[in-house]
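# Structural overview
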Amino acid sequence: MNRLFASLLLCGFIIIQAFAAEEKLEDFQVDTSVIAMDRGVDAFMNSCHGCHSLKYVHYRDLASFGIDKERIASWRGDSTLDSAMTSLLSDEAALASFGKVPPDLSMIVRAREGGASYVYSYLTGYYITPDGKTSNHFFPLTRMPDALEISTATDPVKRVEIIEQAHDIVSFLSWAADPHEAERKSLGYYVIGYLIILTVLLYNVKLQVWSRLKS
Amino acid sequence: MATRIIEWIDQRFPLTSFIKHELTDYPTPRNLGYWWNFGFLAGFVLMLQVVTGLFLAFHYKPDAAIAFDSVQHLMRDVNYGWLLRYMHATGASSFFLVIYIHMARTLYYGSYRAPRELMWWTGQVLLLLLMATAFMGYLLPWGQMSFWGATVITNLFRATPFIGDQVVVWLRGDYAVGDDTLTRFFALHYLFPFLIIGAVVIHLVALHSVKSSNPSGIDLADKDNIPLHPYYTSKDFFGLGVFLILYFIVVFFFPHSVLEPANNVPANPLITPDHIVPEWYFLPFYAILRSVPNMVGGVAAMALSVMIFAFMPFLDRSRIPGGGRYRPVYRIMFFLFMLDIAVLGYVGFVPPTNKTIAIGQVATVYYFGSFLLLPLISKVEDKWLFKRGLPAKIKTLIASEEEEKRKRRHR
């Protein structure tokens, strides 16, 4: 009887675990405006850059996106405009503190199933378990601390602030993973439009050529 | 002036007569539907891959230490580098889609029947070359899926009798997939398209000797043929327009649908991804591999599942031309086979569970069953159709085909 009860409990626990692992991702809409980007870079530099690099993004890329040069200067410190946005944290120090090197975030939005929605859900998914530990709904065993401190924020105003911050950061990271997305889409409309006109013309050519056959 | 130049060339090279013979006078059945566009499309996509590939190679570095970085450099800093890469990646998927449709058309209409066996077999060689090229190309970005996909697939060659382990080392250039593998795969990925072009030339020479098949499945009388140009060139170009619209919608708006997220993580021999999946075009064959519990058996089954198409001219014993068009049983078999491939594709995609393994095994048996039972089924169907009485139209088709065969023998 006891064993049956124990196994039932275990089953229930496993089901809950499985359920927790398949938590639904928050739907995420990327904000592509310069202002959101500016806030996103700022929040990233304050909360993430201490641990995470963006080795494929250079400070000059921010300038070509349209961000103010002086703002960039305040972020990059001693690094040149041409240098990559690498973190100062060494791999050894990271291994010593976290047992793991924090991944480079240049491609993170493209490197996870769920993309931006996943990264956003992960950042805002920290919570305090009943026994007082910090965990994450979307990555229960993550070694990363709750960088935005959402799990301990109880004040609703503060929570909204953090959520907006996460939103800006993920918008910035989405751009970092796919910097030509806006250009790609706008070029796409022209190309598809041109091809549709061309194809209609080609269809008419075909009809005209084939009409000679109907004898 | 222009005519004088052409005259000058014609005295030294059969330019005008070539154009006449292969284009403006080349007889093509007038009843070809749009399913006959896909051979031309395949040739177009081949050229697209060669050209985009050439420009990608200008920037790519086949060195394990910097390959991933060089792709990122291309995507971010090279002018329209992202466009080249998305076009090439989408092109690979499109190539398989076009080739699979081309094959499905051949199967449905029985175009592999005499006298087109050599076309079918050169096509089979082309399919193998295409698969090898795509597989090697997939290693080049040096992401996690590149690395682990290549590891899993090269490992299958351990099933080679007696010299399995040596073959694997020989393929990889090392005991594990690494820098040597990457460099040789790049060299071969650049070479294979030229082998493909060679095989395409043979495919086309054979085509221009036996001429196109058509939906009725027999060789038509001269009055039913029209010149390739301008009739089919205009039709092919319209088809190309439709293809390009769909292709560029993916390139510009959904390019990530052809790039696995795990492949945006640099290759790491120490971390295995949770779930290694091949590209969609290999999924049915991958499902067959996994359906056989024993590795050597699985590899043999997978190899056979690709090669078995070559036996179609022998397996199909029906005398009735036109394949699925005039043969109801064959038609049903065709569509069930397509369904079976879709089921296998699904099974290959999802992580294996007892249920999907069982489904995969049933689908695998069905896959081979459709080929192995075809001689019997096609014979019985043939008898039944003849007994039921064929429509006069088909009878004349068969008679004219017999006539053609006789003529060919006397030539």
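Residues numbered from 1 in each chain as written. Chains lettered and ligands numbered in written order. Predicted model: local features only at pLDDT ≥ 70, side-chain atom pairs only at ≥ 80, totals over all residues. Heavy atoms only, no water.

## Overview of the overall build of chain A
Check the secondary structure of chain A and you find 8 helices and 4 strands. Taken from the N to the C terminus, the helices and strands of chain A come in the order α-α-β-α-α-β-α-α-β-β-α-α. Taken across its 215 residues, chain A has 37% of its residues classed as buried. Total accessible area on chain A stands at roughly 13,200 Å², and carbon and sulfur atoms take up 60% of it. (Helix = DSSP H or I, 4+ residues; strand = E, 2+ residues; numbered from the N terminus. Buried < 20%, exposed > 50% of the residue type's maximum accessible area, 1.4 Å probe, protein only. Areas by Shrake-Rupley, 256 points an atom, 1.4 Å probe, with all protein chains shown as cover.)

## Examining the pairing of strand S1 (residues 54-58) of chain A
Residues and elements named next belong to chain A. Counting buried positions over the 5 residues of S1 gives 4, a clear majority of the element. Inspection of the sheet shows S1 paired to strand S2 (residues 84-85) by 2 bridges, in the antiparallel sense. Paired with His-58 across the bridge in S2 is Ala-84. (Pairing = 2+ DSSP bridges.)

## Considering the interface of chain A and chain B
Of the residues lining the interface, 33 residues belong to chain A; the matching set on chain B comes to 33 residues. Taken over both partners, the interface formed by chain A and chain B buries close to 3,100 Å², and the fraction arising from carbon and sulfur atoms is 68%. Its largest share of buried area at the contact with chain B, chain A owes to Tyr-56, Arg-184 and Trp-210 of chain A, together 22% of the area lost on that side. Here chain A is connected to chain B by 0 salt bridges. Here chain A and chain B share 9 residue pairs in polar contact (both at pLDDT 80 or more) between them. For the side of chain A that touches chain B, the leading source of residues is helix H8 (residues 181-211) of chain A, giving 17 residues. (Contact = heavy atoms within 4.5 Å. Buried area = accessible area lost by both parts, 1.4 Å probe. Salt bridge = Lys/Arg side-chain N within 4 Å of Asp/Glu carboxyl O. Polar contact = N/O pair within 3.5 Å; in protein donor to acceptor, adjacent residues only side chain to side chain.)

## Quick look at the packing of helix H5 (residues 81-108) of chain B against helix H10 (residues 228-253) of chain B
Two numbers describe a pair of packed helices, the interaxial angle and the distance between the axes. Residue and element names in this part refer to chain B. Close contact between H5 and H10 brings their axes to 9 Å; oriented N to C, the two are set at 130 degrees. Accordingly, the angle class assigned to the pair H5 and H10 is oblique. Crossing angle aside, the handedness with which H5 passes H10 is right-handed. Facing Trp-82, Leu-83, Tyr-86, Met-87, Thr-90, Gly-91, Ser-94 and Val-98 of H5, the residues of H10 in contact are Phe-243, Tyr-247, Phe-248, Val-250, Val-251 and Phe-252. Here the residues of the contact of H5 with H10 are counted per class, giving 11 nonpolar, 3 polar and no charged. (Axes fitted to C-alpha atoms, helices over the stretch in contact; angles between N-to-C directions. Parallel < 35°, antiparallel > 145°, perpendicular 65-115°, else oblique. Left-handed = near helix turned anticlockwise from the far one by under 90°. Nonpolar A, V, L, I, M, F, W, Y, C, P; charged D, E, K, R; others polar.)

## Observations regarding the packing of helix H3 (residues 38-57) of chain B against helix H9 (residues 179-210) of chain B
All names here are of chain B. Running from amino to carboxyl end, H3 crosses H9 at an angle of 155 degrees, the nearest separation of the two axes being 11 Å. Between H3 and H9, the interaxial angle falls into the category roughly antiparallel. Between H3 and H9 lies a crossing whose hand is left-handed. Taking contact as the criterion, the partners of Leu-46, Met-47, Val-50, Leu-54 and Ala-57 in H3 are, on H9, Phe-186, Tyr-190, Pro-193, Ile-196, Ile-197 and Val-200. Its residues placed into classes, the contact of H3 with H9 shows 11 nonpolar, no polar and no charged.

## As for the confidence of the model for chain A
Residues and elements named next belong to chain A. Of all residues in chain A, 89% have pLDDT values of 70 or greater, and the mean over the chain is 89. Mean pLDDT across the secondary structure elements of chain A bottoms out at helix H1 (residues 2-21), with 43, and peaks at H8, with 97. Of the regions scoring below 50 in pLDDT, residues 1-21 engages in 1 contact with residues more than four places distant in sequence or in other chains. (pLDDT = per-residue confidence, 0-100.)

## Examining a negative patch on the surface
Taken together, the side chains of Asp-63, Asp-174, Asp-179 and Asp-180 of chain B define an acidic patch exposed on the protein surface. Locating Asp-63 of chain B in the fold gives a position in the loop between H3 and helix H4 (67-76). (Patch = residues over 30% accessible without salt bridge, like charges linked within 9 Å, V, L, I, M, F, W, Y side chains within 5 Å. Lys, Arg positive; Asp, Glu negative; His and termini not counted. Charge placed at Lys NZ, Arg CZ, Asp CG, Glu CD.)

## Details of the packing of aromatic side chains
Evaluation of the coordinates by the stated rule reveals 46 aromatic pairs over all chains. Their ring planes at 45 degrees and their centres at 6.0 Å tell us that Tyr-122 of chain A and Tyr-126 of chain A sit as a pair that is tilted. For the pair formed by Tyr-122 of chain A and Tyr-126 of chain A, the shared burial category is buried. With 5.0 Å between their ring centres and 45 degrees between their planes, Trp-36 of chain B and Tyr-109 of chain B make a pair best called tilted. Highlighted residues: Trp-36 of chain B in the loop between strand S1 (27-29) and H3 and Tyr-109 of chain B in the loop between H5 and helix H6 (117-139), separated in sequence by 73 residues. With respect to class, Trp-36 of chain B is no different from Tyr-109 of chain B; both count as buried. (Phe/Tyr/Trp six-rings, centres within 6.5 Å; stacked < 30°, edge-to-face > 60°.)

## Examining the confidence of the model for chain B
On average, chain B scores 94 in pLDDT, and the residues at 70 or more come to 99%. Note on the complex model: pTM 0.92, ipTM 0.91.

## Notes on the domain arrangement of chain A
Here chain A is described as being made up of domain 1 (24-179) and domain 2 (181-215). Computed from C-alpha coordinates alone, the two centres of domain 1 of chain A and domain 2 of chain A are separated by 44 Å. (Domains from an automatic or database assignment.)

## A short note on the domain arrangement of chain B
All names here are of chain B. Taken domain by domain, chain B consists of domain 1 (29-152 + 178-276) and domain 2 (280-411). For domain 1 versus domain 2, the separation of C-alpha centres amounts to 24 Å. Facing the 30 residues of domain 1 at the interface are 35 residues of domain 2. For the pair domain 1 and domain 2, the summed buried surface comes to about 2,900 Å²; carbon and sulfur atoms form 66% of the total.

## Looking at the nonpolar core
With 107 residues, the main nonpolar core has Phe-248 and Tyr-367 of chain B as its most contacted residues. Ranked by residues supplied to this core, first place goes to H5 of chain B with 13 residues. Contacts of Phe-248 of chain B, omitting those with residues within four sequence positions, involve Val-191, Ile-192 and Leu-195 of chain A together with Met-87 and Phe-253 of chain B. Formed by 38 residues, the second largest nonpolar core is a distinct cluster that contains Ile-67, Ile-72, Leu-123 and Ile-162 of chain A. (Core = buried A, V, L, I, M, F, W, Y, C linked by side-chain atoms within 4.5 Å.)

## A word on helix H16 (residues 374-388) of chain B
All names here are of chain B. Look at H16: 20 Å from first C-alpha to last across 15 residues, which is about the 21 Å you get at 1.5 Å a residue. Here H16 has its buried residues at Leu-374, Ser-378, Glu-381, Asp-382 and Leu-385. Mapping the buried residues of H16 onto a view down its axis gives an arc of 105 degrees, with all of them on the same face. Facing away from the buried surface of H16 by more than 90 degrees, the exposed residues are Leu-376, Val-380, Lys-383 and Lys-387. At its buried positions, H16 is contacted by helix H13 (312-315), helix H14 (328-349) and helix H15 (354-372). The first or second residue beyond H16 is Gly-389, which carries a positive phi of 95 degrees. (Expected span 1.5 Å × (residues − 1). Arc of directions from axis to C-beta.)

## A word on the pattern of salt bridges
Counted under the stated rule, the structure contains 13 salt bridges over all chains. The partner of Arg-60 of chain A in a salt bridge is Asp-61 of chain A, with the nearest N and O atoms 3.6 Å apart. Its relative accessible area of 16% is what places Asp-61 of chain A among the buried residues. The partner of Arg-319 of chain B in a salt bridge is Asp-382 of chain B, and the shortest N-O contact between them spans 2.8 Å. With Arg-319 of chain B in the loop between H13 and H14 and Asp-382 of chain B in helix H16, this pair connects stretches of sequence that are 63 residues apart. Given the relative accessible area of 46%, Arg-319 of chain B is considered partly exposed. What you see here is one network of salt bridges that share partners, running through Arg-60, Asp-61 and Asp-82 of chain A.

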